[in-house]
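A look at the structure
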Amino acid sequence: MLIKRASDLRSSEITDKKVYLGRREFIKAAAGAAAAGAGVLAGTDVLSAAGKPAPHGQKLENVQKSPLSVDPAKDKLNSWEDITTYNNYYEFGVDKDSPSLTAGRLKTSPWTVAVDGECAKKGNYSLEDILKGETLEERVYRLRCVERWSMVIPWVGFPLANLIKRMEPTSKAQFIEFQTLNDPSQMPGVQSPVLNWPYREGLRLDEAMHPLTILVVGLYGEVLPKQDGAPIRLIVPWKYGFKSAKSIVRIRFLEKQPLNTWQESAPSEYGFYSNVNPERDHPRWSQASERRIGEFFMRRTLMFNGYGDQVASLYSGMDLKKHY
Ligand code: MTE
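A brief look at the structure comes next. Given the structure is predicted, the values throughout are model-derived calculations rather than measurements.

1. Here's the deal with the packing of aromatic side chains
Tallied over the entire structure, the rule returns twelve aromatic pairs. For the ring pair Phe272 and Tyr273, a centre distance of 5.2 Å and an interplane angle of 90 degrees mean the geometry is edge-to-face. The two residues Phe272 and Tyr273 agree in class, both being buried. A centroid spacing of 6.0 Å and a plane angle of 90 degrees characterise the contact between Tyr273 and Tyr315, whose relative ring orientation is edge-to-face. Of this pair, Tyr273 sits in the loop between helix H8 (261-265) and strand S12 (289-292) while Tyr315 sits in the segment after helix H9 (308-311), and the two are 42 residues apart along the sequence. A single burial state applies to Tyr273 and to Tyr315, both of which are buried. Within the aromatic cluster, the residues linked to one another by ring pairs are Phe175, Phe272, Tyr273, Phe304 and Tyr315. In this structure, Lys96 is placed above the aromatic ring of Tyr86, and the distance from its NZ or CZ to the ring centre is 5.9 Å. When the ring centre of Tyr324 is taken as origin, the NZ or CZ atom of Arg280, which lies over that ring, is 3.5 Å away.

Okay, here's the thing in structure tokens:
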């Protein structure tokens, strides 16, 4: 994103997993070696903990499969390890492996989300309140990052539209904004001014109400790992990944279009809409192709990340090169 210059990006794309996993393996080996001398760390045998990153065993109950998923025969799922060690979460550092190494200290329970602005049901809601009455669904979606990598991920969540309806937006509400946690005591990255914290993202209300837009609380049938945005994050699969705000603490209903964090940092590079669009290049690189993590060859980027049949009508009559 902003702080990555074209040269960095290129090398991260070419070297990607081998190099970053190499670095992880090195860190884990070093941790293991230190622990071998020290015995145990925080009650865990670090030698086995330093083995392979694995699901942490917090299964979510009663997760239904969703028909809105992509076809796994065409889009092979990325592994748990890919999804939990190659992350963007700048509050925990700007390297792809930083969040998996430093997000452990994030306290995700209890968790409260403040809802305010143009709605009847303003208030502070616990995560339990938010989940009350919701059926959790597993939805396999593609995630496409503006940095030109992508993954296929079995998210567990529920439609954002359900929560919006419960909050009873007023007739003035045209937009929705998400603010995410900004706590220097838990998040080493926010000490650095790479972005203007807290991280903020917004959607037009009709985009937010679209059935493909979900709030996510899990991954591979388990509680969402911290580095992936626990305890609750957004996923908007036809937009670049930066729209999908992690660890949400505030939702605002607004009359006017909000200014998103990346748009504020670099308005010529990041717009409000941020729909995946192979025809609209980022000023510093092309968006016409992408590389799926775990694959060697680049693939052609699909308009709206392949969700065009479902979402193109939201933008009829708009010039998407102008409204990027
Ligand atoms: N949310 C917060 N709070 N902070 C961030 O730095 N990064 C965004 C998005 N949500 C980010 C965030 C970006 S750039 C991407 S590509 C996705 O999270 C990455 O999600 P993932 O790490 O689960 O793949």
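2. Observations concerning unusual backbone geometry
Residue Pro110 follows Ser109 across a cis peptide bond; omega there is 0 degrees. For Ser274, which is not a glycine, the phi torsion comes out positive at approximately 55 degrees. Within the secondary structure, Ser274 is located in the loop between H8 and S12. Backbone geometry at Asn305 places phi at a positive 55 degrees, although glycine is not the residue there. Topologically, Asn305 is positioned in the loop between strand S13 (299-300) and H9. Judged by its relative accessible area of 3%, Asn305 is buried.

3. Points about the site of the ligand
Around the ligand, the surrounding shell holds 17 residues, and the nearest of these are Asn87, Tyr90, Glu91, Arg233 and Lys246. Between Tyr90 and the ligand, the recorded distance is 2.8 Å, taken from a backbone N or O atom to an oxygen atom. Between the ligand and Glu91, the relevant distance is 2.7 Å, taken from a nitrogen atom to a side-chain nitrogen or oxygen of the residue. For the ligand, whose free accessible area comes to 540 Å², the fraction covered by protein is 100%. Partitioned by chemical class, the residues of the shell around the ligand number eight nonpolar, five polar and four charged.

4. What about the sheet that holds strand S2 (residues 112-117)?
Paired through their backbone hydrogen bonds, the strands of a sheet run either parallel or antiparallel. In spatial order, the strands read S3-S2-S11-S6-S7; together these five strands make up an open sheet with mixed pairing. Because the sheet does not close on itself, it has two edges, and the strands there are strand S3 (123-126) and strand S7 (200-204). Within this sheet the neighbouring strands show an average axis-to-axis angle of 20 degrees, counted without direction. In terms of strand pairing, strand S6 (residues 175-180) meets strand S11 (residues 248-254) through six bridges, oriented antiparallel. Of the residues in S11, the one forming a bridge with Ile176 is Phe253. Set on the sheet, helix H6 (residues 160-167) makes contact with S2, S3, S6 and S11; between it and S11 the angle comes to about 60 degrees.

Rules used throughout
- Residues numbered from 1 in each chain as written.
- Predicted model: local features only at pLDDT ≥ 70, side-chain atom pairs only at ≥ 80, totals over all residues.
- Heavy atoms only, no water.
- Phe/Tyr/Trp six-rings, centres within 6.5 Å; stacked < 30°, edge-to-face > 60°.
- Buried < 20%, exposed > 50% of the residue type's maximum accessible area, 1.4 Å probe, protein only.
- Helix = DSSP H or I, 4+ residues; strand = E, 2+ residues; numbered from the N terminus.
- Lys NZ or Arg CZ within 6 Å of the ring centre and 35° of its normal.
- Near = heavy atom within 4 Å.
- Polar contact = N/O pair within 3.5 Å; in protein donor to acceptor, adjacent residues only side chain to side chain.
- Areas by Shrake-Rupley, 256 points an atom, 1.4 Å probe, with all protein chains shown as cover.
- Nonpolar A, V, L, I, M, F, W, Y, C, P; charged D, E, K, R; others polar.
- Pairing = 2+ DSSP bridges.
- Axes fitted to C-alpha atoms, helices over the stretch in contact; angles between N-to-C directions.
- Contact = heavy atoms within 4.5 Å.

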